[in-house]
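Geometric and topological summary
One-letter residues, chain by chain:
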Amino acid sequence: MPKPKKHISLDDEEEFTNFYEREQLLQLLDAFKQTSSTMIYTLFHVLAYSGMRKGEALALTWGDINFEENEIRISKAISRGRDSQLYLKTTKTGVVRTISMDQKSMNLLAIWRTEQAKRLETKSPKKQLVFNNRNNDFIQPVQTQKWLQQIFKKFDFPIISTHGLRHTHCSLLFEAGASIKEVQERLGHTDIKTTMDIYTHITKKTKSSTMEKFEAYLKKD
């Protein structure tokens, strides 16, 4: 039997306003660069520039990173099972995808791989987690929000969730001229309606913001 299509709820407006504009994102990443470890900064940079779900990013191993082609293969994610234990599973949609990455993100990953290898006294085998905790195990998914909260306490940024970086990536892809189909494939949406719903809400938010800027400009002395 075919699986019913999953539709996101449009009642939760917070889900679609949970993103940054371009300058806000760059400032957030700069804040992480100033105050956080190489690993944490690299993690948030990769999240922002890839659009990955955090569970997918935290499941990455070095075998998923192709430095020659500047690509990342997303084939798994971490999830919580019995007794709150973390384990590997397929991606949310069960679809494996390979996405292209920018050179800066790949350079940051290379720098972190070298630093990680020195800490672990290993050559970063393919099965080694890219982002690991002190015990060289999975990072708890909730930890990413804790790291964001630390930034919010130090800097005056609008509060978003880790998932908000995925929506930010989606929003900026549209601003950069990417098609709905291209965004769907990159973010791993099985149903293009999901991508279109996000696009619709982000566009409404952008139009509203544009009008507010126009109004504020006219009110200037």
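Figured I'd write up the structure that's included with this text. (Residues numbered from 1 in each chain as written. Predicted model: local features only at pLDDT ≥ 70, side-chain atom pairs only at ≥ 80, totals over all residues. Heavy atoms only, no water.)

1. Details of the pattern of salt bridges
For the record, the criterion: The salt bridge criterion pairs a side-chain nitrogen of Lys or Arg with a carboxyl oxygen of Asp or Glu, the two atoms within 4 Å. Relative accessibility under 20% of the residue-type maximum defines a buried residue, over 50% an exposed one, and the middle range a partly exposed one, all with a 1.4 Å probe and only protein chains included.
Applying the stated criterion to the full structure yields five salt bridges. Here Glu-23 ties to Arg-22 by a salt bridge, and the two come within 2.3 Å at their closest N and O atoms. For Arg-22, a relative accessible area of 49% translates into the label partly exposed. Between Glu-56 and Arg-53 there is a salt bridge, with its nearest N and O atoms 2.8 Å apart. As far as burial versus exposure is concerned, Glu-56 and Arg-53 are alike and both buried.

2. Brief notes about the packing of helix α3 (residues 38-50) against helix α5 (residues 103-120)
Two quantities define a packed helix pair, namely the angle between the helix axes and the distance between the axes. Let me state the cut-off plainly: A fitted line through C-alpha atoms serves as each axis, taken over the contacting stretch for helices, and the angle formed by two N-to-C directions is quoted from 0 to 180°. Helix and strand labels come from DSSP, where a helix needs a run of H or I of at least four residues and a strand needs a run of E of at least two; each type is numbered from the N terminus. For this classification, under 35 degrees means roughly parallel, over 145 means roughly antiparallel, 65 to 115 means roughly perpendicular, and everything else is oblique. Left-handed describes a crossing whose near helix is turned anticlockwise from the far helix through less than a right angle; right-handed describes the clockwise counterpart. By the convention used here, residues are in contact when the closest approach between their heavy atoms is within 4.5 Å. Note on residue classes: Ala, Val, Leu, Ile, Met, Phe, Trp, Tyr, Cys and Pro are nonpolar, Asp, Glu, Lys and Arg are charged, and everything else, Gly too, is polar.
Contact geometry for α3 and α5: axes closest at 10 Å, N-to-C directions at 150°. The angle between α3 and α5 falls in the class roughly antiparallel. Crossing of α3 over α5 shows left-handed handedness. Contacts between α3 and α5 involve Thr-38, Met-39, Tyr-41, Thr-42, His-45, Val-46 and Tyr-49 from the former and Lys-104, Ser-105, Leu-108, Leu-109, Ile-111, Trp-112 and Glu-115 from the latter. Among the residues making up the contact of α3 with α5, the classes are represented as eight nonpolar, four polar and two charged.

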